[in-house]
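# Residue-level structural notes
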Amino acid sequence: MAAAQAADGRDATRVPVRRLTVLYDADCALCTFVRDWLGRQRQLVPLELVAAGSAEAAARFPGLDHRATLEEITVVGDGGQVYRGAAAWIVTLWALREHRPLAHRLSTPAGARLAKGAVLAAARWRGAQKRDTGWGGGAYYSADGWSFDPRHGWTYTPPSCADGSCSTD
């Protein structure tokens, strides 16, 4: 698993992990499903679930490339460890009571290939969801003008062009 230098200058690979922060894409249906699932699991190592790209994530981890955390799962250990992609999935499973044995199997060379394949499949699915702009199949983002009210459903308010940033095409 990829590790970084701990904040206090110690080698992060030798620092025990006592807490993990999972950065997830709050605008991704798969990511929020997994976030909710993680919240229901019994944890051997406490997991904090923080929206990637949020003000909280930026304040807590100023040295991270926050744009990259929206593209690839990123998990940060309390000792400064940074895990991305398949390693992030494996360390997250390692933190869960019922899934730690699976994490150990996935950390082998053969298991790492399987974990990488699962991460790539999830990334492909997410990419397809972002490209799907047809009715009912795509994701609706607040930055694009969509909002959801449980009483009234989805509404669309076109972004303002007052600042001249809108395309005239």
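Residues numbered from 1 in each chain as written. Predicted model: local features only at pLDDT ≥ 70, side-chain atom pairs only at ≥ 80, totals over all residues. Heavy atoms only, no water.

## Side note on the side chain of Gln-81
Just so we agree on the cut-off: Think of it this way: any DSSP run of H or I at least four residues long counts as a helix, any run of E at least two long counts as a strand, and we number them from the N terminus. Residue exposure (1.4 Å probe, protein chains only): buried if accessible area is under 20% of the type maximum, exposed if over 50%, otherwise partly exposed. N or O atoms closer than or at 3.5 Å make up a polar contact, with two conditions inside protein: a donor-capable atom paired with an acceptor-capable one, and, for residues adjacent in sequence, both atoms drawn from side chains.
Structurally, Gln-81 is set in the loop between strand S3 (74-77) and strand S4 (82-84). Classification of Gln-81 as buried rests on a relative accessible area of 1%. Looking at Gln-81, its side chain comes within polar contact range of the main-chain nitrogen of Gly-79, at 3.0 Å.

## Quick notes on helix H1 (residues 29-40)
Rule in force here: By definition here, a helix of n residues has an expected span of 1.5 Å times n minus one. As used here, the arc belongs to the directions running from the helix axis to the C-beta atoms.
The first and last C-alpha atoms of H1 sit 17 Å apart over 12 residues, in line with the 16 Å expected at 1.5 Å per residue. Inspection of H1 places Cys-31, Thr-32, Val-34 and Leu-38 among the buried residues, and these make up the whole buried set. Seen end-on, H1 carries its buried residues on one side only, within an arc spanning 160°. In H1, the exposed residues that point more than 90 degrees away from the buried face are Ala-29, Phe-33 and Arg-40.

## Regarding the confidence of the model for the protein chain
To keep things clear, this is the line we draw: What pLDDT reports is the predictor's confidence in each residue, on a scale of 0 through 100. We call two residues in contact when some of their heavy atoms are within 4.5 Å.
Summarising the model, the protein chain shows a mean pLDDT of 78, and 66% of its residues fall at 70 or more. Low confidence marks residues 1-10, where pLDDT is under 50. Its contacts with residues over four positions away, or in another chain, come to 24 contacts. Scored below 50 in pLDDT, residues 132-137 makes 3 contacts in the model with residues more than four places away or belonging to other chains.

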